[in-house]
Amino acid sequence: MNVRIYKDAQAIGTAAAALFAAQVIDKPNCVLGLATGSTPIPTYKKMAEMYREGAVDFSGVTTFNLDEYVGLDHDHDQSYYYFMMENLFKHINVPHDRIHVLSGTAADVEAECGHYEDKIKAAGGIDLQILGIGRNGHIAFNEPAADFAPATHIVELTESTIEANKRFFASADDVPRRALTMGIGSIMKARSIVIIATGSDKAEAVRDMVKGPISPSCPASILQAHPDTVVMVDEAAGALL
Ligand code: PGA
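Residues numbered from 1 in each chain as written. Predicted model: local features only at pLDDT ≥ 70, side-chain atom pairs only at ≥ 80, totals over all residues. Heavy atoms only, no water.

Caption draft 1: Here's a closer look at the nonpolar core. Formed by 67 residues in total, the largest nonpolar core has its most connected members in Leu32, Leu34, Tyr44, Phe58, Ile130, Ile195 and Met232. It is helix H1 (residues 9–26) that provides the largest number of residues to this core, a total of seven residues. Apart from residues lying up to four places away in sequence, isoleucine 195 is in contact with Leu131, Gly132, Ile133, Ile139, Met209, Ala220, Leu223, Thr229, Val230, Val231 and Met232. Formed by 10 residues, the second largest nonpolar core is a distinct cluster that contains Leu72, Tyr80, Val155 and Leu157. (Core = buried A, V, L, I, M, F, W, Y, C linked by side-chain atoms within 4.5 Å. Buried < 20%, exposed > 50% of the residue type's maximum accessible area, 1.4 Å probe, protein only. Helix = DSSP H or I, 4+ residues; strand = E, 2+ residues; numbered from the N terminus. Contact = heavy atoms within 4.5 Å.)

Caption draft 2: Inspection of the site of the ligand at higher detail. Close contacts around the ligand come from Gly37, Ser38, Thr39, Gly132, Ile133, Gly134, His138, Arg167 and Lys202, and that covers them all. A distance of 2.7 Å separates an oxygen atom of the ligand from a polar atom in the side chain of histidine 138. Here the residues of the shell around the ligand are counted per class, giving one nonpolar, six polar and two charged. (Near = heavy atom within 4 Å. Polar contact = N/O pair within 3.5 Å; in protein donor to acceptor, adjacent residues only side chain to side chain. Nonpolar A, V, L, I, M, F, W, Y, C, P; charged D, E, K, R; others polar.)

Caption draft 3: Main features of the side chain of lysine 202. Relative to the helices and strands, lysine 202 is located in the loop between strand S9 (192–197) and helix H7 (203–211). Among buried charged residues, lysine 202 stands out as having no salt bridge; its nearest opposite-charge side chain is aspartate 201, 5.6 Å away. Looking at lysine 202, its side chain comes within polar contact range of the main-chain oxygen of isoleucine 133, at 3.0 Å. Filtering out sequence-adjacent residues up to four positions away, lysine 202 remains in contact with Thr39, Ile133, Gly134, Arg135, Ala197 and Ala237. (Lys, Arg positive; Asp, Glu negative; His and termini not counted. Salt bridge = Lys/Arg side-chain N within 4 Å of Asp/Glu carboxyl O.)

Caption draft 4: Structural detail: the sheet that holds strand S3 (residues 62–65). If you walk across this open sheet you meet the seven strands as S1-S10-S9-S6-S2-S3-S5, and the pairing is parallel. Unpaired on one side and paired on the other, strand S1 (2–6) and strand S5 (99–100) mark the two borders of the sheet. One ladder, built from five bridges, connects S1 with strand S10 (residues 229–234); its direction is parallel. Note that in S10 the partner of tyrosine 6 across the bridge is aspartate 234. The strands touched by helix H4 (residues 109–122) are S3 and S5; relative to S3, the strand with the most contacts, the crossing angle is about 150°. (Pairing = 2+ DSSP bridges. Axes fitted to C-alpha atoms, helices over the stretch in contact; angles between N-to-C directions.)

Caption draft 5: Structural detail: the packing of H1 against helix H2 (residues 41–52). For the pair H1 and H2, interaxial distance at closest approach is 7 Å and the crossing angle is 55°. The orientation of H1 relative to H2 falls into the category oblique. Crossing hand, H1 versus H2: right-handed. Of the residues in H2, those touching H1 at Ala9, Gln10, Ile12, Gly13, Thr14, Ala16, Ala17, Ala18, Phe20 and Ala21 are Pro42, Thr43, Lys46, Met47 and Met50. The residue inventory of the contact of H1 with H2, partitioned by class, reads 10 nonpolar, four polar and one charged. (Parallel < 35°, antiparallel > 145°, perpendicular 65-115°, else oblique. Left-handed = near helix turned anticlockwise from the far one by under 90°.)

This is the structure we're talking about:
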């Protein structure tokens, strides 16, 4: 793991966006793995800025998002599809038919998971994946568990994740209880990974990811076994390293 400490969220956004820009410039038809959450927002703002300035052209790019809530359709303002439209896709030129977000309202959500894996494979695999990390060490919706999930699957959300995400809903009761998520195995297949974290409430998870044993009790710790992972944290999130 290549750990880099930055002064603040803005600096991480600029640095992570520069990685994406370099990826797209090197390989205009690359496949990007994208994440939701508050941490990547400065990265997406910077990517949009670079596009507006003419520095990067996303017209050949394909994207896959990590996860989606079960039961929310793409128009729901808390769906991850909606989040990606508002925070990134409306502002850059990835062709609509190359944007992939799991469907939480598919008639057969199990089949949806299998199709998603097939689509990633058919696109040639993910070149660069961005990840956030949960306070409990989760990546995407891969919560602490007994095993590392190999592929895209359905998960029951933990109380800690429902608690963390309820701020976006009218109440905790409105947070969906299930989600679809790429598995740890799907994520580990990405050729390069950047994982970003800010704030002191992520410090323990960041420590366990970087210095702890590789264990499904801290799903992000598996990234120690990935050949090309950059960890970008601010001083607060990196305080226990
Ligand atoms: P956050 O979420 O960026 O909103 O903190 C990260 C995550 O839970 O993966």
